[in-house]
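Coordinates in review
So you can see what is in the structure, the chains are spelled out below.
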Amino acid sequence: KAPEMTGRSLLPLLESDKSGWVDARRDHVVVGRERHVPAQESGNSGGYPARALRTKDYLYIRNFEPDRWPAGTPHRELAYKKNGWFGDCDNGPTKLVIVARRERDENYARCYDLCFSKRGAEELYDLRADPHQVNNVAALDKYSEVKARLRGMLMRELEATQDPRAVGGAEAFDSYPYFG
């Protein structure tokens, strides 16, 4: 394991004769996101920084800049010319249909919000009740203890791995040049 790597090898799982949950010590996974392309408003080259912790039963997401657009700006006139509107989401047929139909069909309006609207600082999804992860329950009182526990787990992981979003220095992510 290289000193800059914080993960553990999946090889023992792949070589195992077992199926299902092979290693009980692997009870969660941490993922992160920064920038695909510079697609924020007003020339901001930053992305949509988020970190998440996924357990068997829950997905907790911490959005570090909730005032930014998760998929990039929806305003064509504000978007970088090179990357276009919603520049952090590739221009496939699904994107085009959802955007085109959002004002005529409430189902597409809901999909539009799930894909492109701004989000709160925290998201929590109960995977047993909502396996497709479309109903954010972070604001519900009945999930406050779960949210606090998962937030603590995530932040401890980020601090242990010296993630700049947890320990400082994250502003550097917004200043890296884009070569795309």
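For the structure itself, consult the block above.
Structure report, in brief. (Residues numbered from 1 in each chain as written. Predicted model: local features only at pLDDT ≥ 70, side-chain atom pairs only at ≥ 80, totals over all residues. Heavy atoms only, no water.)

**Structural notes on the layout of surface pockets**
- Computed from the structure, the second largest pocket encloses a volume of approximately 350 Å³.
- Surrounding the second largest pocket, 18 residues form its lining, Leu114, Arg119, Glu123, Tyr125 and Gln133 being those nearest its centre.
- Each residue belonging to the lining of the second largest pocket can be placed in one class, and the counts come to eight nonpolar, four polar and six charged. (1 Å grid on protein atoms, 1.4 Å probe; cavity = no way out; pocket = protein on both sides within 12 Å on 5 of 7 lines; lining within 4 Å. Points joined across faces, edges and corners; volume = space filled by probe spheres on them. Nonpolar A, V, L, I, M, F, W, Y, C, P; charged D, E, K, R; others polar.)

**A few points about the packing of aromatic side chains**
- Within the structure shown, the criterion is met by five aromatic pairs.
- Where Phe86 meets Phe116, the ring centres are 4.1 Å apart and the plane angle is 20°; that geometry is what we call stacked. Of the two residues, Phe86 sits in the loop between strand S3 (58-63) and helix H2 (93-101) while Phe116 sits in helix H3 (residues 106-116), which places them 30 residues apart along the sequence. Judged on exposure class, the residue Phe86 and its partner Phe116 are both buried.
- An aromatic cluster is present here, built from Phe86, Tyr112 and Phe116 joined pairwise through their rings.
- Directly above the aromatic system of Phe64 lies the positively charged group of Arg62, at a separation of 4.6 Å from the ring centroid. (Phe/Tyr/Trp six-rings, centres within 6.5 Å; stacked < 30°, edge-to-face > 60°. Helix = DSSP H or I, 4+ residues; strand = E, 2+ residues; numbered from the N terminus. Buried < 20%, exposed > 50% of the residue type's maximum accessible area, 1.4 Å probe, protein only. Lys NZ or Arg CZ within 6 Å of the ring centre and 35° of its normal.)

Take it as geometry only, folks, not as evidence of what the structure does.
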